[in-house]
Structure formats: structure tokens, C-alpha cells
Amino acid sequence: MTDTNGIDAAASLGAFFAERTAQARAEAAKANAARAEAEQAAAAFAERQELPPAVGAMKQGWEMAGWFTERSSRIGSDAISGKASREQYDQAKAEREAVLDWLDANGYEVPGPYR
């Protein structure tokens, strides 16, 4: 490629792509590790009906309670805007209640805001 002021543009562009490739590999490795952790947690739950250990200050049931609450709220908003049906919202709401009841029945803490 053109040599401008002693700089090989092709080599510089090659460095650009090499850096982007290295970054993508690092992100893929991180994503693969997260996927493996999620698969391990899913397998452990399927086998023992136990949630994975808590992370940091978060209690074991909090993440699940939060996820199901956010999901039912999102589907409720979608039902209002016509992107989801009332039946989908009712199903999500029922699933949320079932999960919260399961968490309670199995000794997992469910924070008040999720009730």
C-alpha cells in the first residue's frame, strides 16, 4: 500500500484488524465462560432443584425474583402496546407467582419489593 512519511498503511491496517480480532477472541472467551457457568447452574438445578450459590451481597432468590418480575412487567408493557397478548401477560404473571411461591417454599429469600 501507500507509504506515507515512512508509514506502511497496509501494516497499520493489519494492526487494526489484529487488535479487533484479539478483542473479539477475548469477548468470546468471556462469553463462553459465562455460558459454561449458566449451563452448570442449569444442570445442577435440574439434578438437585437447588439454586446456585449467591454472588456477593445478592441472596440466592433475589436474581430469580427480579428476572421474573422484570419479565412479566416487560410482557405487560408489550401487551399494552399490542406486541404481546393478554394471555401471554397472564401466563408470565402466573409463572412469576409460581416461581416466587417456589422460592418461599424452598427457603429462599424473596425481597419485599418483589411481592
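For the structure, check the block above.
Residues numbered from 1 in each chain as written. Predicted model: local features only at pLDDT ≥ 70, side-chain atom pairs only at ≥ 80, totals over all residues. Heavy atoms only, no water.

Caption draft 1: Structural detail: the overall build of the protein chain. What the protein chain contains, in helices and strands, is three helices and two strands. Ordering the α and β elements of the protein chain from the N terminus gives β-β-α-α-α. Seen through its C-alpha atoms, the protein chain measures out along the principal axes to roughly 70 × 40 × 25 Å. For the protein chain, long-range pairs separated by at least 24 residues make up 41% of all intrachain contacts whose partners lie at least 6 apart in sequence. In the protein chain, which carries 13 positive and 18 negative side-chain charges, the distance between the mean positions of the two groups comes to 3 Å. (Helix = DSSP H or I, 4+ residues; strand = E, 2+ residues; numbered from the N terminus. Contact = heavy atoms within 4.5 Å. Lys, Arg positive; Asp, Glu negative; His and termini not counted. Charge placed at Lys NZ, Arg CZ, Asp CG, Glu CD.)

Caption draft 2: Layout of the pattern of salt bridges. Inspection of every chain in the model, using the stated rule, returns 10 salt bridges. Among the salt bridges present, the one from Asp101 reaches Arg115, with a minimum N-O distance of 3.8 Å. Here the residue Asp101 occupies a position in helix H3 (residues 86-105), and Arg115 occupies one in the segment after H3, the gap between them amounting to 14 residues. Judged by its relative accessible area of 44%, Asp101 falls in the partly exposed class. The structure contains a network of salt bridges with shared partners spanning Arg96, Glu97, Asp101, Asp104 and Arg115. (Salt bridge = Lys/Arg side-chain N within 4 Å of Asp/Glu carboxyl O. Buried < 20%, exposed > 50% of the residue type's maximum accessible area, 1.4 Å probe, protein only.)

Caption draft 3: Inspection of the packing of aromatic side chains at higher detail. The tally for this structure, following the rule as stated, stands at four aromatic pairs. Here Phe16 and Phe17 contribute two aromatic rings whose centre-to-centre distance is 4.9 Å and whose plane-to-plane angle is 75 degrees, an arrangement assigned as edge-to-face. Judged by centre distance (5.7 Å) and plane angle (20 degrees), the rings of Trp102 and Tyr108 are stacked. Under the relative-accessibility criterion, Trp102 is labelled partly exposed at 25%. Aromatic ring contacts, followed pair by pair, group Phe45, Trp102 and Tyr108 into a single cluster. (Phe/Tyr/Trp six-rings, centres within 6.5 Å; stacked < 30°, edge-to-face > 60°.)

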